[in-house]
Every structure is written in structure tokens, then in C-alpha cells.
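# Coordinates in review
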Amino acid sequence: MQFLSNNMKNIPPSKTMAITDKARKLIASGEDVIDLSSGEPDFDTVSTASEAGMKAIQAGVTKYTTGDGTAELKQAIQEKFARDNLLSYELNQISVGAGAKQVMYNALAATLNPKDEVIIPTPYWVSYPVMVSMCGGTPVFADCFADTDFVLTPQELAKRLTPNTKWVILNYPNNPMGALASKEDLEKLADVLRQHPNVNIITDDIYELLIFSDTKFHTLAQVAPDLYDRILTVNGMSKGYAMTGWRIGYAAGRADLIKAMSKIQSQITANPSSIGQAAATQALKAKPTHAQGWCDTFRKRRDMIVSALNAIDGVTCETPMGAFYAFPNVNGLMGRTTPDGKQISNTDELAEYWLDEAKVAVVPGIAFGAPENLRLSYAAKTEHVEEAAARIRVACEKLEL
Ligand SMILES: Cc1ncc(COP(=O)(O)O)c(C=O)c1O
């Protein structure tokens with residue numbers, strides 16, 4: 001009798017984890033590895049949050065809370081949406097989970113039936129297609145192109161829509177490219193979506209605060225208020241507040257969907273951490289002014305790494321507008337041979353070579369639906385990013401044509 005469920009076939013081994021694990025093992029064994037594979041800011045959690053978290057522990061706020069978030073946190077989220085995004089939600093339209101990841105999974109699990117399709121622009125965050133498949137839906141990939149800064153175009157969206165489309169997932173700034181949709185880009189997508197009243201949209205705004213471009217952040221529900229009922233606006237504390245370990249993410253949308261998401265969560269994990277919620281409540285009450293300094297640092301690192309990558313023969317790198325990843329195309333290095341005689345034929349092998357030769361850990365692009373690219377996170381100390389770029393260059397120069 002088969003032991004593991006058929007659903008396990010929907011979960012490919014995580015390349016991100018595989019490289020991070022190998023890098024961690026090398027570091028533990030004393031190797032001087034620079035880890036550019038992880039997806040979390042290298043800054044400390046904002047102090048308002050960590051102080052509130054410590055107070056919560058001392059005050060005994062360590063018990064179960066309401067399943068999908070305390071009223072205090074939901075109020076803070078309500079205020080945040082009104083203040084930063086000009087969006088108005090009632091408390092029963094807001095759900096809090098253990099990360100944006102959990103709330104998105106809840107939403108898909110609550111809505112997908114067999115044959116339902118979910119449009120995912122490529123390159124994408126690794127978890128979207130896996131979550132869709134695990135919930136019984138079918139991921140449908142929409143290509144994004146350099147001439148439109150890797151933002152989904154209305155034409156490409158229209159091409160992928162079918163009567164089975166249940167959701168479209170938008171993520172700007174995105175992981176892994178740092179692509180950012182302008183207000184006009186979103187308006188054009190909204191024009192297409194208006195013609196398909198049965199299609200719903202998840203906007204994953206987790207990198208909202210990490211933008212270093214003149215293009216201002218907009219979220220679809222703000223740009224297209226007439227689509228409000230069809231949009232689930234997702235956000236969280238992980239990236240913009242350096243709170244990855246606290247596990248707090250949230251979503252706002254139509255009340256019946258939020259209720260269904262909450263039901264699912266109540267049977268699986270129940271409430272997210274009471275301490276994390278207390279911390280997030282205080283952090284969200286304040287305007288996110290801390291982000292400016294972080295963005296200045298990220299911008300400097302971005303400029304440095306993008307120009308260093310573009311200076312390597314065989315590598316080209318677009319300039320990301322947000323998040324903290326560079327996503328160079330390394331197709332020009334394919335077919336080259338390493339000093340010990342191995343021919344590099346894909347980005348998995350190149351990532352392995354960079355780890356072995358340059359002692360730099362990055363993630364192969366296939367995990368993001370982009371087999372010609374690699375993802376380098378510059379959420380690492382500036383001097384480490386500089387050193388990594390120099391080492392990668394030397395390793396690439398050792399490859400023979
Ligand atoms: C695009 C995107 N969405 C969501 C998440 C997950 O966020 P959380 O930590 O809130 O679950 C990530 C984390 O890497 C991400 O890159």
C-alpha cells in the first residue's frame with residue numbers, strides 16, 4: 001500500500017532549501033561561504049515590534065487568541081490599509097495567519113475545485129504553483145518580458161484567461177525579479193479583468209515597503225475600486241518589518257472568503273503566535289518610516305551587484321525596482337567548462353559551481369520558472385555582497401568557452 005499521499009507529487013523538492021541547506025552545512029564545517037540564497041532582510045526586526053513582543057511575553061500574552069487574529073491587530077491592519085493604501089475594510093474582511101504564505105494557502109484551499117485555473121505571471125515566487133496544485137487547481141503561467149520590465153501585460157493576461165480561471169496572482173514588487181507595476185500598468189490589467197467578472201485576483205503586496213524606484217507603490221484594489229469584491233489584498237510583516245521569524249501575514253477581501261479562510265485555519269494551526277500578533281499590532285500602528293533607510297541601503301547594494309554582474313562576460317542583469325533580489329540571465333555561460341572539466345549545461349549546475357568554486361550560495365532560476373536565471377539576494381551585509389560579486393566574477397572567468 002502506498003504510504004505517502006498522491007498530493008505529495010504536487011510538491012517538488014525545494015531548490016531554495018536545498019542550496020541553503022548545503023550552504024549552511026558548509027558554513028557549519030568552517031567554510032567561508034557567503035549566503036545570498038535566503039529571502040529575508042538582514043536588518044533587525046523593527047524595535048517597536050520587538051519591544052512589544054517582549055512586553056507581551058512578560059505580560060503573559062502567551063495563550064490562544066481568536067483563530068484568525070486579535071481584534072487589536074485587525075484594527076491596526078484596518079488602519080494600515082486606510083493610511084497607506086486608501087482602502088477601507090471592516091474587521092470581518094480581515095484575516096491574520098502565520099505569514100502571507102498561510103493566508104494565501106487558506107484562500108486557495110477555500111476556493112479551488114478541480115479544473116479551476118490560477119494564472120501566475122512568470123518568473124514567480126516558488127510557492128504559488130505548488131500551493132495551487134496542492135489545493136487541486138491548475139497553475140497557468142503567463143510570460144512576462146523585458147520590454148515591459150517583466151510586468152504582466154494586458155495582452156498576455158487576456159491570452160491566458162479561460163472560463164476556468166478562478167484567480168490571477170499579482171505580486172509587485174515581485175520575487176524574484178524586483179519587477180514593479182505602475183498605477184497605469186494596473187489600470188490596464190483592470191480593464192481586461194472587468195471583462196471577466198468571474199475572475200478573482202490575489203495581490204501579494206509583501207514587498208510593498210521595499211521600493212527603490214520613482215514608480216510609487218499601488219495595489220490593485222486601490223487603482224480599481226470597482227473590482228474591490230474580487231480582490232484579496234495580501235500583505236505581511238516578514239519583509240517590510242524584518243519579522244520573518246515572527247510569522248504574521250494578513251489578507252483583506254470579501255467577508256465570505258475571509259470566513260472560509262478562517263474556518264480552514266481554525267482546524268489546522270488556529271491562531272498565529274500571540275506574541276507575533278502583539279508585536280505586529282504595535283508595528284503597524286506607526287507609519288513605516290523605518291523603510292526609507294533600508295531602501296537606501298538596498299539601492300546601493302543593488303546598484304553595486306547589478307553593475308558587477310553586467311561586467312561579467314556571459315551574464316546580463318536587469319535593474320530590479322524593489323524587493324532585494326538580483327535575477328541575472330546567465331545563458332551566456334551555458335556550455336562552458338569548469339577547471340575540473342565539467343560542462344555547465346543548466347543553472348542548477350552553475351549554482352553548484354558557484355557554491356563549490358566561489359563559495360557563494362544562490363538559487364537556480366528553474367525554481368522560479370526561469371531556467372536561464374539565478375537569484376542572488378542582496379539582503380546580506382554590503383561587504384559580503386561586494387565580496388560575493390568579486391568571487392563570482394573570478395569563478396566565471398575560470399570557465400572555458
Ligand atoms: C512573494 C512572496 N510572497 C510571500 C512570501 C511569504 O511571506 P511570509 O513570510 O509572510 O509567509 C514570500 C517570502 O519569501 C515572498 O517572496
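Residues numbered from 1 in each chain as written. Predicted model: local features only at pLDDT ≥ 70, side-chain atom pairs only at ≥ 80, totals over all residues.

## Overview of the overall build of the protein chain
Each helix and strand counted, the protein chain has 13 helices and 12 strands in total. Since a compact globule built from 401 residues should have a radius of gyration of about 21 Å, the 21 Å found for the protein chain is in line with a globular shape. Overall, the C-alpha framework of the protein chain stretches about 60 × 60 × 55 Å when taken along its three principal axes. (Helix = DSSP H or I, 4+ residues; strand = E, 2+ residues; numbered from the N terminus. Rg over C-alpha atoms; globule rule 2.2 N^0.38 Å.)

## Quick notes on the domain arrangement of the protein chain
By domain assignment, the protein chain separates into domain 1 (6-31 + 290-397) and domain 2 (63-285). In this structure, domain 1 and domain 2 have C-alpha centres spaced 27 Å apart. Counting residues at the interface gives 27 residues for domain 1, matched by 25 residues for domain 2. It is helix H11 (residues 290-310) that contributes the most residues to the side of domain 1 that touches domain 2, 6 residues altogether. In terms of residue class, the side of domain 1 that touches domain 2 is built from 15 nonpolar, 8 polar and 4 charged. (Domains from an automatic or database assignment. Contact = placed C-beta atoms within 7 Å. Nonpolar A, V, L, I, M, F, W, Y, C, P; charged D, E, K, R; others polar.)

## Some points on the sheet that holds strand E12 (residues 374-377)
Spatially, the 3 strands line up as an open sheet ordered E9-E12-E11, and their pairing is antiparallel. If you trace the sheet from one side to the other, it starts and ends with strand E9 (325-326) and strand E11 (363-364), each paired once. Both E11 and E12 contribute to a ladder of 2 bridges, which runs antiparallel. Bridged to Val363 within E12 is Arg375. (Pairing = 2+ DSSP bridges.)

## Focus on the site of the ligand
Gly99, Ala100, Lys101, Gly236 and Ser238 are the nearest of the 13 residues found near the ligand. For the shell around the ligand, a count of residues per class yields 3 nonpolar, 8 polar and 2 charged. (Near = placed C-beta within 6 Å.)

## Remarks on the pairing of strand E2 (residues 94-97)
Of the two faces of E2, the one carrying Ile94 and Val96 and the one carrying Ser95 and Gly97 are both buried. As paired strands, E2 and strand E8 (residues 249-252) are joined by 4 bridges and run antiparallel to one another. Along E8, the bridge assignment pairs Val96 with Tyr250. (Buried ≥ 20, exposed ≤ 12 C-beta atoms within 10 Å, placed from the backbone.)

## Regarding the packing of H11 against helix H13 (residues 382-397)
The N-to-C vectors of H11 and H13 enclose an angle of 5°; their axes lie 10 Å apart at closest approach. Viewed along their axes, H11 and H13 adopt a mutual orientation that is roughly parallel. On H13, the residues touching Lys300, Arg301, Met304, Ile305, Ala308 and Leu309 of H11 are Thr382, Val385, Glu386, Ala389 and Arg393. Of the residues that constitute the contact of H11 with H13, the class distribution is 6 nonpolar, 1 polar and 4 charged. (Axes fitted to C-alpha atoms, helices over the stretch in contact; angles between N-to-C directions. Parallel < 35°, antiparallel > 145°, perpendicular 65-115°, else oblique.)

## Some thoughts on the packing of helix H12 (residues 347-358) against H13
Two measures define how a pair of helices packs: the angle their axes make with one another and the distance between the axes. The N-to-C vectors of H12 and H13 enclose an angle of 105°; their axes lie 10 Å apart at closest approach. One element, H12, and the other, H13, form an angle in the roughly perpendicular class. Contacts from Tyr353, Trp354, Glu357 and Ala358 in H12 reach Arg391, Ile392, Val394 and Ala395 in H13. Partitioning the contact of H12 with H13 into residue classes produces 6 nonpolar, no polar and 2 charged.

## As for unusual backbone geometry
At the junction of Tyr172 and Pro173, the peptide bond is cis and its omega measures out at -10° in the coordinates. By the element assignment, Pro173 lies in the loop between strand E5 (165-170) and helix H7 (183-194). Cis geometry is found at the peptide bond from Asn175 to Pro176, where omega equals 25°. By secondary structure assignment, the location of Pro176 is in the loop between E5 and H7. The phi dihedral of Asp149 is positive, around 55°, even though this residue is not glycine. The backbone of Arg247 sits at a positive phi, close to 60°, despite the residue not being glycine. Its location among the elements puts Arg247 in the loop between strand E7 (231-236) and E8.

## A word on the pairing of E12
The side-chain alternation of E12 yields two buried faces, one formed by Leu374 and Leu376 and the other by Arg375 and Ser377. Inspection of the sheet shows E9 paired to E12 by 2 bridges, in the antiparallel sense. Within E12, the position partnered with Ala326 by the bridge is Leu376.

## Section: the sheet that holds E2
Read across the sheet, 7 strands follow the order E2-E8-E7-E6-E5-E3-E4 without closing on themselves; strand pairing throughout is mixed. Each edge of the sheet is formed by a strand with only one pairing partner; in this case those strands are E2 and strand E4 (138-143). In this sheet, adjacent strand axes meet at a mean angle of 20° when their direction is disregarded. Docked against the sheet, helix H5 (residues 127-134) engages strand E3 (117-122), E4 and E5, running at close to 150° with respect to E4.

## Quick notes on the environment of Phe141
The residue Phe141 is located in strand E4 in this model. You can call Phe141 partly exposed: it has 17 C-beta atoms within 10 Å. For the pair Phe141 and Gly369, spaced 228 residues apart in sequence, the C-alpha separation works out to 8.8 Å. In contact with Phe141, other than residues within four places in its own chain, are Ile120, Thr122 and Gly369.

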